[in-house]
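Structural description and commentary
Residue strings, one per chain:
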Amino acid sequence: MADSFELAESDPPPERVRVRQWRRRMGISALAVATVGLGGVWLARNAIADRIIVGQLKSYGVPATYQIESIGPGSEALRNVVVGDPRNPDLTIERVEVGIRYGLGVPYVGTVRLIAPRIYGQLQDGRLSFGSLDKVLYAPRADDKPFSIPRLDLRVEDGRGLLLTPAGMVGLAIEGRGRLDDGFVGTLAAVAPRLSGNGCNADDASVFGQVSIRAQRPAFKGPLKLARLSCSGTASSGAVVADIDARADKGLTGLAGNAAVRVNKLALPGATAETLALDTRLAFRDGALTGRVDANAGGVSSGGVRFGLLGLEGSVRTRDLFQKAEFRGTIDGQGLRQGTALDGALASASRSSAGTLLGPMLEQLRASLRLEERGSRISGEIALRRNGDGFSAVVPQARLSGGSGQALLTLSRVQIASGTRNGPPLLAGNFVTGGAGIPRIVGRMERGRAGRALFRLTMEPWRAAGGVLTIPEMMIAQVGDGSLGFSGLAQVSGAIPGGSVRNLVLPVNGAYGASGELALWKRCVTARFERLELGQMAVDGNALQLCPPGGSAIVRNGDGGLRIAAGTPALDLTGSLGETQVAVRTGPVGFSWPGVLKASAVEVDLGPTATATHLRLADLDARLGPDLTGTYAGVEARLAAVPLDVTNAAGQWRYADGVLALSGVSFDLTDRLDPARFEKLSASGATLALADHHITANTLLREAKTSREVGSVAIRHDLATASGRANLTDRKSVV
């Protein structure tokens, strides 16, 4: 037993020797495995780089080359990375540092540092392309999971890019660092010396600001600038600055943000502005743009009107990729001025209406508008809608107030909508004008047949310089070419071409053409008046039918100024010529202004009925202007107080400064007494004047058959008293 124990006791030392030998053999094996493993990693470093760094690119068929600078257990450094055709690469990177991480035994890229990356792309047919990288950027998704930004720590240093677009070249620069899905912060810059497209040019365009990503939501904050903008003569601006603060939704499904836009020297078709301040809060999601806009423009000119300040504020919404759009808001304008266009139009109309009651009225309107300019203001509500090619504007209410505080124009429920293709717009609503010196017009606009606009209006008495114009009723219709046709009734007192009228009741019908020409009375009209004055001739109340010349209108007012042409089948008028009672009956009469008057079968009675001087004229021509002149023929005259008859008279006449003068008169003279005191005589070169109730005539008489000089005659006749005398003088006697 003791030996065994001893044996037993003596055995342990050799056993410890075997353990140490096993451990030694295991250590040698582990070292060998590690050495072989590290050697394999070193020998397979290209394969690892291919699989981890560019393996994804290769899986999409994107060619890429690189050089390995260093490799370690958890990092790799590559240089001279080229993606795409080496002769014309799409992406180059001077140096790439990649941090490799492992998850469940699988390596993945955890951090990336890009030094001097250079990317090249182009915009074609509305699509952004980066060449061979498109296979990655636009690769079809293998699942329906929402897009998400990879969880990657990224650092970009001295990043540059060049983008070729149909509008021009755009240079890019970017730097930044942080976790790409949550925490990345950097700067982005883009410059374009000149961008051109659709007839527009933008000079010195640039964008510079901060880019960041928080919780999968990319953001940009910074200014966009343009030195100037011009569009083929239709629109232009000076410097443009837009401060942008925008953030995309997670998964890039939408975008929201603010923009503060400032513009100098803005010119648009039909409008210009010295400055524009536009502040927006907008969001674009699911193909719809929604938000609010607040615009304030200074020094605005549009349609012949100027605003010191014009503001527009409200909400905006678009749908179906901007095919449908709507704006609802308010408008506020201050410091309204007529501008040269409106004032010039009124001045031109006033000049064209010189010599009529409209001239002073238009001048009064010009003066009243100028007085109301200072402190004037316009305010109201507005809604704009677009649906495809259709457009409409609705003004629930609006008010234009002058500096005096009076309402110059009030609108309610006004609607303007695009009509049929190439047709005029459709109008509806109510309006009221007013103010000191401004006519008060109450009107209603509505849609008639075929959607055309109808205007119904009335105008209270408008007074200026002794003239009064009243429109008890008027209807205006919009026709296909954009011109306006109208029909109604007007009451007029005041100056008319060549004279004046009192209490004229005149049916009105005509058209205002798209070219700006006014045409009145294209068909016959019957006017009624209390008194009509033409020069020194005053006509008592009567009814007068006037008809236009064939294919024209009685009154036209356009580029050629005011023109009047009319005719009547007959006249039967009573009145006075100066202080002399007169009655006129005629056959057909036609006249034009400026132009001539022609009358036939004219009978004139001068003086009281019992003692009147009777004149008959076969033909009478008059040239109408500041003075009335003309010719006459076939005249017969019977002087009540002088027993002499004048027949076959012809010559020239002139009426100016209250004097009717006849010259170059030829006639035959016979004695009314029985038996006659002399044979028929003839005369040529005679003169006659009618002024202040007195007729004065002088002529040389000749024997009608032989033309022998008989003597001279001098007639003096007082129409007021029907008395006078005729002095006939020969060498021996006075009759």
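Here the structure is a predicted model, which means the values were calculated and not measured.

Before going further, it helps to spend a moment on the overall build of the protein chain. Helices and strands together make up the secondary structure of the protein chain, namely 7 helices and 44 strands. Buried positions account for 38% of the 735 residues belonging to the protein chain. Carbon and sulfur atoms make up 57% of the accessible area of the protein chain, which amounts to about 40,700 Å² in all.

Quick look at the state of the cysteines now. What the rule picks out here adds up to 2 disulfides. With its sulfur 2.0 Å from that of its partner, C200 forms a disulfide with C231. Since a negative S-S torsion denotes a left-handed disulfide, the C200-C231 link at about 115° is right-handed. With C200 in strand β9 (residues 200-214) and C231 in strand β11 (residues 228-231), this residue pair connects regions lying 31 residues apart in the sequence. Residue C200 is classed as partly exposed on the basis of its relative accessible area of 21%. Look at C231 and you get buried, because its relative accessible area is 10%. The partner cysteine of C524 in its disulfide is C547, sulfur to sulfur 1.9 Å.

Before going further, it helps to spend a moment on the nonpolar core. Counting 106 residues, the largest nonpolar core has W521, I554, Y632, F667 and L701 as its most contacted members. Looking at this core, the element that brings in the most residues is strand β24 (residues 453-464), giving 6 residues. Filtering out sequence-adjacent residues up to four positions away, W521 remains in contact with L506, P507, V508, N509, G510, P548, S552, A553, I554 and V555.

On to unusual backbone geometry, then. Only a minority of non-glycine residues have a phi that is not negative, and only a minority of peptide bonds are not trans. Residues D674 and P675 are joined by a peptide bond in cis, for which omega reads 5°. Inspection of the secondary structure puts P675 in the loop between β40 (659-671) and β41 (681-691). Phi is positive for D158, which is not a glycine, with a value near 55°. For D158, the location among the structural elements is in strand β6 (residues 153-165).

This paragraph deals with the packing of helix α6 (residues 339-352) against helix α7 (residues 358-373). Contact geometry for α6 and α7: axes closest at 8 Å, N-to-C directions at 160°. Accordingly, the angle class assigned to the pair α6 and α7 is roughly antiparallel. The crossing of α6 and α7 is left-handed. Two secondary-structure elements touch here, α6 through D343, L346, A347, A349 and S350 and α7 through G359, L362, E363, L365, R366, L369 and R370. Partitioned by chemical class, the residues of the contact of α6 with α7 number 6 nonpolar, 2 polar and 4 charged.

Moving on to a nonpolar patch on the surface. The grouping of Y120, L162, L164 and M169 at the surface amounts to a nonpolar patch, some 350 Å² of accessible area in total. Looking at where L164 falls in the secondary structure, it is placed in strand β6.

Counting across every chain of the model gives 38 salt bridges. One salt bridge connects E69 with R95, and the closest N-O pair in it is separated by 2.0 Å. Of the two residues, E69 sits in strand β1 (residues 64-71) while R95 sits in strand β3 (residues 91-103), which places them 26 residues apart along the sequence. Look at R95 and you get partly exposed, because its relative accessible area is 21%. Among the ionic pairs, D158 bridges to R160, the shortest N-O distance being 3.2 Å. The class for D158 is partly exposed, based on a relative accessible area of 27%. Through salt bridges that share partners, E69, R79, R95, E97, R113, R155 and E157 make up one connected network.

Here we come to the pairing of strand β44 (residues 723-729). Bridge analysis of strand β43 (residues 709-718) against β44 gives 7 bridges, and the strand direction is antiparallel. Of the residues in β44, the one forming a bridge with A714 is N727. Taken together, β43 and the strand that follows it, β44, pair antiparallel across an intervening segment of 4 residues, in which A722 is found at a positive phi of about 55°.

On to the side chain of S493, then. When you line up the elements, S493 lands in strand β26 (residues 484-496). The exposure class assigned to S493 is buried, which follows from its relative accessible area of 15%. At 2.8 Å, the side chain of S493 and the backbone nitrogen of N503 are in polar contact. Leave out the neighbours within four places in its chain, and S493 touches L357, G466, G467, V468, V501, R502 and N503.

For α6, spanning 14 residues, the distance from its first C-alpha to its last is 20 Å, which sits close to the expected 20 Å at 1.5 Å a residue. Of all the residues in α6, the buried ones are D343, L346, A347, S350 and S352. Structurally, α6 contributes buried residues whose contacts are with α7, β31 (555-558) and β32 (561-568).

Moving on, we come to the pairing of strand β15 (residues 271-285). The pairing of strand β14 (residues 254-268) with β15 spans 14 bridges and is classified as antiparallel. Bridging from a neighbouring strand, R262 pairs with A277 of β15. Joining the antiparallel neighbours β14 and β15 is a turn of 2 residues, in which G270 adopts a positive phi near 85°. Looking at chain direction, β15 and strand β16 (residues 288-302) are connected through 13 bridges and run antiparallel. Looking at β16, one finds that L282 is bridged to G291.

Before going further, it helps to examine the confidence of the model for the protein chain. For residues with low pLDDT, the predicted coordinates do not support detailed interpretation. Scored by pLDDT, the protein chain has a mean of 83; 88% of the residues are at 70 or more. Here residues 1-49 is modelled with pLDDT under 50, and outside its nearest four sequence neighbours on either side it reaches 16 contacts, counting other chains as well. Across residues 731-735 the pLDDT falls below 50, and counting only partners more than four positions away or on other chains, this stretch makes 7 contacts in the model.

Turning our eyes to something else, we now look at the environment of D153. Tracing the backbone through its elements, the reader meets D153 in strand β6. Each C-alpha atom of the pair D153 and G183 lies 8.9 Å from the other, and the pair is 30 residues apart in sequence. Each residue touching D153, except ones within four places of it in the same chain, is listed here: R101, G110, T111, V112, G178 and R179.

Thresholds applied
- Residues numbered from 1 in each chain as written.
- Predicted model: local features only at pLDDT ≥ 70, side-chain atom pairs only at ≥ 80, totals over all residues.
- Heavy atoms only, no water.
- Helix = DSSP H or I, 4+ residues; strand = E, 2+ residues; numbered from the N terminus.
- Buried < 20%, exposed > 50% of the residue type's maximum accessible area, 1.4 Å probe, protein only.
- Areas by Shrake-Rupley, 256 points an atom, 1.4 Å probe, with all protein chains shown as cover.
- Disulfide = S-S within 2.5 Å.
- Core = buried A, V, L, I, M, F, W, Y, C linked by side-chain atoms within 4.5 Å.
- Contact = heavy atoms within 4.5 Å.
- Axes fitted to C-alpha atoms, helices over the stretch in contact; angles between N-to-C directions.
- Parallel < 35°, antiparallel > 145°, perpendicular 65-115°, else oblique.
- Left-handed = near helix turned anticlockwise from the far one by under 90°.
- Nonpolar A, V, L, I, M, F, W, Y, C, P; charged D, E, K, R; others polar.
- Patch = residues over 30% accessible without salt bridge, like charges linked within 9 Å, V, L, I, M, F, W, Y side chains within 5 Å.
- Salt bridge = Lys/Arg side-chain N within 4 Å of Asp/Glu carboxyl O.
- Pairing = 2+ DSSP bridges.
- Polar contact = N/O pair within 3.5 Å; in protein donor to acceptor, adjacent residues only side chain to side chain.
- Expected span 1.5 Å × (residues − 1).
- pLDDT = per-residue confidence, 0-100.

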